[in-house]
Amino acid sequence: MSRDVNEQQEIAAMFKALGDPTRLHIFAFLRACCCPVAVEDDGAVRRVTGPTVGEVCCHVTGAEQINSTISHHLKELRLAGLITIEQRGKNRICGVNHEAVAMLADYLGNENQENDCSCSCC
């Protein structure tokens, strides 16, 4: 099954964002965070708690104060679709976009799915 151009661009953006060691470190930290979920009336599931931007910054840099570099890296991860940032009161709560993780896992787990390969190795 061939992937469409939009999906290929999404996956490329995710890999590009994860290509930076600091962003990879932030993403790994967020993936390791476990938190409870709430189920809405319509069946939608959302996280109840999660690390704040300040907690991410503290984990990555050891500093209590959010710096512009961490803010930039969080923005890049969000724009690539890898994380979510939700405003809750005065805090911004960060979380992993599990659909994006599933898309990457599917991409990496399906070897030789592109049947239009013209090389002799397939």
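Each chain carries its own residue numbering, running from 1 in the direction its sequence is written. With pLDDT at 70 or above as the cut-off, local features in this predicted model cover only qualifying residues; side-chain atom pairs require 80 or more to be listed or tallied, and sums for whole chains, interfaces and linings still use all residues. Heavy atoms throughout the structure, all of them, feed into the side-chain values; hydrogens and water do not.

K.L.:
Help me understand the overall build of the protein in this model?
P.N.:
Strands are runs of DSSP state E lasting at least 2 residues, helices are runs of H or I lasting at least 4, and numbering of each runs from the N terminus. For the protein, the helix and strand inventory stands at five helices and four strands. Order of helices (α) and strands (β) in the protein, N terminus to C terminus: α-α-β-β-α-α-β-β-α. Classification of the 122 residues of the protein by burial places 27% in the buried group. The contact rule is simple, with two residues in contact once any of their heavy atoms fall within 4.5 Å. Residue pairs in contact within the protein that sit at least 24 positions apart in sequence constitute 56% of those at least 6 positions apart. When the accessible surface of the protein is split by element, carbon and sulfur atoms take 51% of a total near 8100 Å². Relative accessibility decides the category of a residue: with a 1.4 Å probe and only protein chains considered, values under 20% of the type maximum give buried, values over 50% give exposed, and everything between is partly exposed. The protein chains shown are the only cover counted for residues, whose accessible areas, like all others here, come from Shrake-Rupley with a 1.4 Å probe.

K.L.:
Can you walk me through the confidence of the model for the protein in this structure?
P.N.:
The predicted coordinates ought not to be read in detail in places where the model reports low pLDDT. Mean pLDDT over the protein works out to 80, with 74% of the residues at or above the 70 mark. The weakest mean pLDDT in the protein belongs to strand 1 (residues 37-39) at 54; the strongest belongs to helix 1 (residues 5-18) at 94. A residue's pLDDT is simply how confident the predictor is in it, with values from 0 to 100.

K.L.:
In this structure, what is going on with the pairing of strand 3 (residues 83-88)? I would like to understand it.
P.N.:
Here is the key point about a regular strand: its side chains alternate between the two faces of the sheet. Think of it this way: DSSP has to see at least two bridges between two strands before they count as a pair. Across six bridges, strand 3 lies against strand 4 (residues 91-96) in antiparallel orientation. The partner of Q87 across the bridge, within strand 4, is R92. Between strand 3 and strand 4, which pair antiparallel and follow one another directly, the connecting turn spans two residues, one of which, G89, has a positive phi of 65 degrees.

K.L.:
Can you help me understand helix 4 (residues 68-79) in this one?
P.N.:
For an α-helix, the turn length of 3.6 residues means that residues three or four places apart are oriented alike. When the terminal C-alpha atoms of helix 4 are compared, their 16 Å separation across twelve residues agrees well with the 16 Å that a helix rising 1.5 Å per residue should span. Along helix 4, the positions that sit buried rather than exposed are I70, H73, L74 and L77. Down the axis of helix 4, the buried side of the element spans an arc of 100 degrees, and every buried residue falls inside it. Exposed residues on helix 4 whose side chains face more than 90 degrees from its buried face are S68 and L79. Of the surrounding secondary structure, the elements contacted by the buried residues of helix 4 are helix 1, helix 2 (21-32), helix 3 (53-61), strand 3 and strand 4. In the segment just after helix 4, G81 is the residue with positive phi, at about 85 degrees. To estimate how far a helix should reach, multiply one less than its number of residues by 1.5 Å. What the arc describes is the spread of directions from the helix axis to the C-beta atoms.

K.L.:
Can you walk me through the environment of E76 in this structure?
P.N.:
Take E76: it is sitting in helix 4. In this structure, the C-alpha to C-alpha distance between E76 and L18, residues 58 residues apart in sequence, is 9.3 Å.

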